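Tertiary structure, described
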Amino acid sequence: MRNLELLQCVHEEAVPASLGSPRCITVDSDTGTVYAGTDTGLVAIDGDSHCVTSTLSLCEAGYLCEGDTAHLVGIQFLYDQDSVCVATSSGDVLLWNVLTYEVECVGTVGSGLTCMAWSPDQDLVLLTTGEEKMVMMTSDFSPICETRIHQEDFGEAEFITAGWGKKETQFHGSEGKEAAFQQAESASPALPWDDRRPRVSWCRDAFVISAVSPVDGARRLRVWNRECVLQATSENITMLEQALCWKPSGSLIASTQRKPHRHEVVFFEKNGLRHGEFVLPFGKEEMKVVELLWNSDSTVLAVWLEELVPQQAAIRQEPVTTSTYVQLWTVSNYHWYLKQSLQFGKTIADRPAAVVWDAEHPNRLHMVCCGGLYLMYEWTWVINGSDGRTSDDNSYVAVIDGDKVMLTPFRQLVIPPPLSAYSLQLPTSVSQVVFSPSPRVNDLAAVLSDGTVFFFTLPLTDDVCDTSVCMKAAGGTGFRPAVQAHMLRQKVCLQHSIVQEKWKCPQAFHHFVWLPEDQLLAATWDASSASSVLHHLAVRGEEPSVLHELTVGGRVYQLCRSPDGDSVAIQLTDGSVLRYQRDTVDTCPILEPWKTEDGMTVRFPVVCPQMGLCSIGGQEAVLGLSDRFRFFANNSEICSNCTSFAVHDGHLLLTTHAHTCTCLPLHTPSKELTSAMDENIRNMERGCRLVTVVPHDTKIILQMPRGNLETVHPRTLVLALVQKMITSHHFLEAFLLMRKHRVNLNLLCDHSPQIFLSCLQEVLTQVKDVNYMTLFLTELREEDVTKTMYSAYCSGSDGEGWGFCPKSKMDQVCDAVKEALESLDQEKYLLGILTCHIRKTQPELEVCLQRIKDIRDNPPQTEAGVSAEEALNYVLLLVDVNELFNVALGTYDLRLVLMVAEKSQKDPKEYLPFLKQLQKMDMNVQRYTIDLHLKRYHKAIQHLSTCGPDRFADLLALVKKHKLYRSALQLYATDSQEYRDISGAYGEYLLNKGQAEEAGLMFARCEELEKAVQAFEKCCNWRQALCVASRLQYTGQQTAQLALRMAGFLRNNSRHCEAAILLEQYVQDEEGAIITLLEGNQWEEALRLIYHYNRTDIIDTNFKPALLEASQKQLAFLQDQKALFTRHKDRLAVVRKEKAKAFEEILGEDHGDEDLYSDTSSTTRTHSTHGSAKYSSSSKTSGRSSKSRRKAERKKHSLREGSPYEDSALLEALQDIVNAVDKSKEEVHDLLKMLVLFELDCKAERLQLCLDDSLCMMDSCRAEIWQAGADSGQAQMTLGPLSTVNSILATMRAGPQPVESPAVAVPPPQKLRDSKWKLSILEGT
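About the thresholds
- Residues numbered from 1 in each chain as written.
- Predicted model: local features only at pLDDT ≥ 70, side-chain atom pairs only at ≥ 80, totals over all residues.
- Heavy atoms only, no water.
- Helix = DSSP H or I, 4+ residues; strand = E, 2+ residues; numbered from the N terminus.
- Buried < 20%, exposed > 50% of the residue type's maximum accessible area, 1.4 Å probe, protein only.
- Contact = heavy atoms within 4.5 Å.
- Polar contact = N/O pair within 3.5 Å; in protein donor to acceptor, adjacent residues only side chain to side chain.
- Pairing = 2+ DSSP bridges.
- Axes fitted to C-alpha atoms, helices over the stretch in contact; angles between N-to-C directions.
- Parallel < 35°, antiparallel > 145°, perpendicular 65-115°, else oblique.
- Left-handed = near helix turned anticlockwise from the far one by under 90°.
- Nonpolar A, V, L, I, M, F, W, Y, C, P; charged D, E, K, R; others polar.
- pLDDT = per-residue confidence, 0-100.

Another point: the environment of L745. Position of L745 relative to the elements: it lies in the loop between helix 4 (731–740) and helix 5 (747–750). Given the relative accessible area of 1%, L745 is considered buried. Note: C-alpha distance between L745 and T778 (33 residues apart in sequence) is 9.4 Å. Once residues within four sequence positions are removed from consideration, L745 is found in contact with F735, M738, R739, L775, F776 and E779.

See below:
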């Protein structure tokens, strides 16, 4: 689908007339210098200024004579020797050094030379002599071998005949039986105009020679290897011509053949066999092919042709002027296209004398004419398509094929090449196709090779017929056309009106751009000023008028117009971009540098043959794609592996060498597009390129390397268009698009819940088909797809999701749709209403069955209504039949159950006996049986309770089996025996579960007081136990025994105060109560009871000894905690020092390799503390059992020296010590008061001082321990797995920091220095 568009056309009168007419040409691709060989000398033409830099007269050097017939037969620039090698027909081989301008004769062949051909690597040179011999030499002209051109043998690759039968008995396929009796084709002599000189063409490791045989006078091809050994000889080809060129890729050898009815370019394989051909668009006696030339990348075949003198004119010897052509042919999908045709003047001076492709730039062609004119053409591959970017744009793509323009509107149909929807037949070859700007985006203009411009428009009616339009794949030949074809609107001739003498070379006007109001902009090259000229033309009538001519300070390389035609971007050969625009028709256009929004001048680092204009981030930007696949947006390089690009409504599409298609959002500024390259990527076939995108649609057209097309709908474009349709309330179009491209239909409501719910009536009005609505409801899910599945595509969704209502999303949508459908037509939209009930969070299957039951009882009266059977069949599609059977059974309607069962796949033997059994039962028993079958036990006991006291035993057994106590209690009065029985069973159940207190309450409710006392005693609720004992009228002794038992239990559970109350009040044991209080360190309460009961003797016997013992224990505890704290603190400092040292070692290793980091690096560094090697710094918890996970978790809290988490374990231990000491302040405070009371001041002072010292020390170390841990935690965060290269390097440059393991987060304790617990009377003594 690509065309060749002219980038540069440079012409210069470069060859001096004194040196004669040019004959051959060669190019130094490194410097661009062109060397032309003439009749008498050599000329060097500069590649930039195209001026003559040096000349050499071979006549003055003594190698050619002016009157002699000797001439140049070959020329080649040698890169390694900085010389031009020249071969003359007299037999001399010359070297002209381009640096010293010295000429040297390196050898002479006495019989003369007819051809010189160097190998592609310039290691070998082949010379053909006048004696029909060839000489192979090295690059320093040392002979390798010499042999005759014409050999009798076929070559080493001669075919082997296996001898399997005769030709007459073999199968000949489509040729038929007559092929068995056809005679072998005999060779015919060379054509009269053949110069009978041999032609040589190299390809890597071999070369081919086309020479006229001295035996029969016919041309044959012979393939030789680098060792000059014959490999193969071509079969006899009738009327084979002199042109010869081997494809650089090595696959085909091209030549030409004249047949009785046509003229063909034929191809041969390396073994000499034919391999395809294509027909030249001329008559059999109209043209002769001078040369064939492949470009360096084997994509373009140049055919150099000359008109033959008519036979009648030759017989009459009349002077006839003939034209010369250079045609460029390409192949795609096995079809050869004529892409460009250069027609030269009929004078001898205008004819090309030599043509050669540039080796560095594949699409650059150099030539010199016989009159001394040097021409340089450079083309690029482009896709000519409409770029209106509106819904009116049919996405036309025009393909040039000689004098035809093949058109296909990809919005309407996709037709692969070489076919097309239809074609436009034109008088001569087409050189360029341009499309109109908005609003007539489908109109086009075809620029012909003779300078004529044909304007075509798309008619408004179908009855308009144009004879130049030929319908192809889109219809015609009796079929109705599927598309509307163009028609000729206007023809404009540029050749006779504005073309001056200095622009008489072929295609002097190029880079045509169609501007608004039927105006054209074109560029030419002015050799006198060495700059390009822009011509602004107005097309009025058949001859255009020049509105403005503007000289550009440089050479124009590429032009690009905006879709509306208001601005044109002009790229020069130095990469700078200019803006061409004007306000009105009469005003002079403005040509100024293109600037970005921040005022920077746009300049591409390299020239970009492909350009585009679009709005990026709200600013008009210039897009450029170089021939080295670098893609630019203004001054920013987006990627370096782009193969093609196209602009869609809101996205920029790129294909890359990674075989992906990327969609970049155009609302993003150009500087941020690079970061978006890794988003919205779709894998594509290898080597595919973008052909066109359809505006306001989702499809893009890709062309594969072979030439076939593929239509793709990127998910990004699909979802963008869906969201746009929903926002504009085109719900039906959005639904159909989602359904077609398998987009989750939840997006219809998730994109903007407010719009969906507020416009639900409009949604249902557009989506009339109930099947569409049920399809949407069946796909409904609870999640918000704009935040999960399509979060990358729906960043700009409206609203805040479904959080505005406490109900779930599915319930909201189902309720809203159900209400809307019911308001429209309940009978017509019954299936949708049923779907709403089914798709709720808790499916309302009973409601569905009730509706079906109502329809069964009252059938619908309208044709749009749905019968009960149809509704039931539909529900069975959405719900499991067994589940629906159970739901129907739960309605207690056996007719409905039978109706559902009949629609299922159940065997009647499964359900009929059960239904018959139910039919015989009473109503309550029947419902109890159904509920029991459905495991609805709560309803079962409810129905069973109405069956009378005879069934209470069954009810109680069912309650106990399924633990339905609470539900059963609600069925009976509180004063009934059934209520008490159920409560007693409930109490036993709670007691067995270990809930003794609750069991006691239930026993108390049902008057089982003994069990209640036991339950309260078991849970040590002594107050309730004593209350129930009073209700049982326990004696004083029984009460004392109960209290004594419970007091012992309370003392064992450290509830000394409560135990003392029981001993004091119920057992009457004052001494036991006081001793119990002393055991619990309840000093003041114990002292109160001592003086209350006047037992002061206990002070000396029990109180003081217990007080002294508690003081000693507390003092020992504080000393132990203080020592342990100091040991852990010191160890923590050592561990942190070791980790800091290890961190410095890591930095020392990595500081020298900072430049090796890249943004795509996934390499991370790990570290561990110095210690035992058996510990690993990584935690592999996946795949472990719970036991092993607990074991691994315990290791993290291990204080063992050398463990990987020792520092965190030390922090935890230190925090536990601080918390324990801090909690002891209240206990110490009570102890100090008692010590002072009994005049034990020394012990009190010592205890207070010990606690105060401990708290002061811990508080002073608090900042040292926990502040360092916080800092190291921050440093560790910088080196986490989610860190970037920049953050890692910043951490390295910050220097060594303490490294803290983030395994356990240990917060620092609160402030410890609190003086409320102290006694001031003990201070200052």
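This is not the end of the story, as more comes after the structure.
Omega for the bond connecting P417 with P418 falls within 30 degrees of zero, at 5°, which places this linkage in the cis form. Summarising the element assignment, P418 is placed in the loop between strand 31 (404–409) and strand 32 (422–425). In the segment running from S438 into P439, the intervening peptide bond is cis, with an omega of 10°. Checked against the element boundaries, P439 lands in the loop between strand 33 (430–435) and strand 34 (444–448).

For the rest of this paragraph, the subject is helix 10 (residues 830–838). The periodicity of an α-helix, 3.6 residues per turn, causes residues three or four places apart in sequence to face the same way. With respect to burial, helix 10 is a largely interior element, nine of its nine residues being buried. L830, L831, G832, I833, L834, T835, C836, H837 and I838 are the residues of helix 10 that are buried. Tucked into the core, helix 10 has its buried residues touching helix 8 (770–778), helix 9 (809–824), helix 11 (845–857) and helix 12 (868–878).

Quick look at helix 13 (residues 881–890) now. When helix 13 is considered as a whole, its buried residues turn out to be L884, F885, V887, A888, L889 and G890. The elements touched by buried residues of helix 13 are helix 11, helix 12, helix 14 (894–903), helix 15 (908–919) and helix 16 (923–933). Here helix 13 starts with a cap whose side-chain oxygen sits 3.2 Å from the backbone nitrogen of N882, and that cap is D880. Y892, located one to two residues past helix 13, shows a positive phi value of around 65°.

The five strands are arranged 29-30-31-32-36 in an open sheet whose pairing can be described as antiparallel. Looking along the sheet, the strands with just one partner apiece sit at the ends: strand 29 (384–385) and strand 36 (469–471).

Attention shifts here to the packing of helix 11 against helix 12. Running from N to C, helix 11 and helix 12 point in directions that differ by 160°, and their axes come no closer than 9 Å. Regarding the angle of helix 11 to helix 12, the classification is roughly antiparallel. Between helix 11 and helix 12 lies a crossing of left-handed hand. On helix 12, the residues touching L849, I852, I855 and R856 of helix 11 are A868, A871, L872 and V875. Taken together, the residues of the contact of helix 11 with helix 12 break down into seven nonpolar, no polar and one charged.

Another aspect to go through is the confidence of the model for the protein chain. Looking at the protein chain, pLDDT values average 84 and 87% of them are 70 or higher. Of all the helices and strands in the protein chain, helix 32 (residues 1285–1293) carries the lowest mean pLDDT, 55, while strand 30 (residues 396–401) carries the highest, 95. Within the model, pLDDT remains below 50 along residues 1151–1183, and this stretch shows 38 contacts once partners closer than five positions in the same chain are excluded. Confidence drops under pLDDT 50 across residues 1268–1279; counting only partners more than four residues distant or on other chains, this segment forms 21 contacts.

Another point: the sheet that holds strand 47 (residues 619–625). An order of 46-47-48-49 is seen for the four strands of this open sheet, with the pairing classed as antiparallel. Since the sheet does not close on itself, it has two edges, and those belong to strand 46 (610–616) and strand 49 (636–639), each with one partner. Here the average twist between neighbouring strands, direction ignored, is 30°. Bridge count for strand 46 against strand 47 is seven bridges, and the pairing is antiparallel. Within strand 47, the residue paired with I616 across the bridge is Q619.

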